[in-house]
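Report on the structure
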Amino acid sequence: MNRADVQVLGLGVAFGLAGWSVAGPVGAVLAFPVGTWVGGRLATLSEQVESLEARIGELEAERDGDKRLRKH
């Protein structure tokens, strides 16, 4: 189980507890899937942001390499 899976389950449990406090067991059963869905979307967004950050780093390194080559 990776970090994203734990986050997804954690949000599912948090939503389930909130649902339980509002509407009892039925609320928990309804809220848990919503929490895991939200967690899944957030995990996907987090992975996309990390990928974009890595790509930005690569582009900056290429740009900086080009500047060094032009100066010589």
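To keep things clear, this report deals only with the structure shown in the data block. (Residues numbered from 1 in each chain as written. Predicted model: local features only at pLDDT ≥ 70, side-chain atom pairs only at ≥ 80, totals over all residues. Heavy atoms only, no water.)

**A few points about a nonpolar patch on the surface**
- Side chains of Met1, Val6, Leu9, Val13, Leu17 and Phe32 sit close together on the surface and give an oily, nonpolar patch of about 600 Å² of accessible area.
- Tracing the backbone shows Met1 in the segment before helix H1 (3-71).
- Given the relative accessible area of 76%, Met1 is considered exposed. (Patch = residues over 30% accessible without salt bridge, like charges linked within 9 Å, V, L, I, M, F, W, Y side chains within 5 Å. Areas by Shrake-Rupley, 256 points an atom, 1.4 Å probe, with all protein chains shown as cover. Salt bridge = Lys/Arg side-chain N within 4 Å of Asp/Glu carboxyl O. Helix = DSSP H or I, 4+ residues; strand = E, 2+ residues; numbered from the N terminus. Buried < 20%, exposed > 50% of the residue type's maximum accessible area, 1.4 Å probe, protein only.)

**Structural notes on the side chain of Thr36**
- Positionally, Thr36 belongs in helix H1.
- Of the polar contacts made by the side chain of Thr36, one reaches the backbone oxygen of Pro33; its length is 2.9 Å.
- Those residues in contact with Thr36 that lie beyond four places of it in its chain are Val8 and Gly12. (Polar contact = N/O pair within 3.5 Å; in protein donor to acceptor, adjacent residues only side chain to side chain. Contact = heavy atoms within 4.5 Å.)

**Re the environment of Gly19**
- Mapped onto the elements, Gly19 comes out in helix H1.
- For Gly19, a relative accessible area of 10% translates into the label buried.
- Along the primary structure Gly19 and Phe32 are separated by 13 residues, whereas in three dimensions their C-alpha atoms are 7.9 Å apart.
- With near-sequence residues (within four places) excluded, Gly19 lies in contact with Gly24, Gly27, Ala28 and Ala31.

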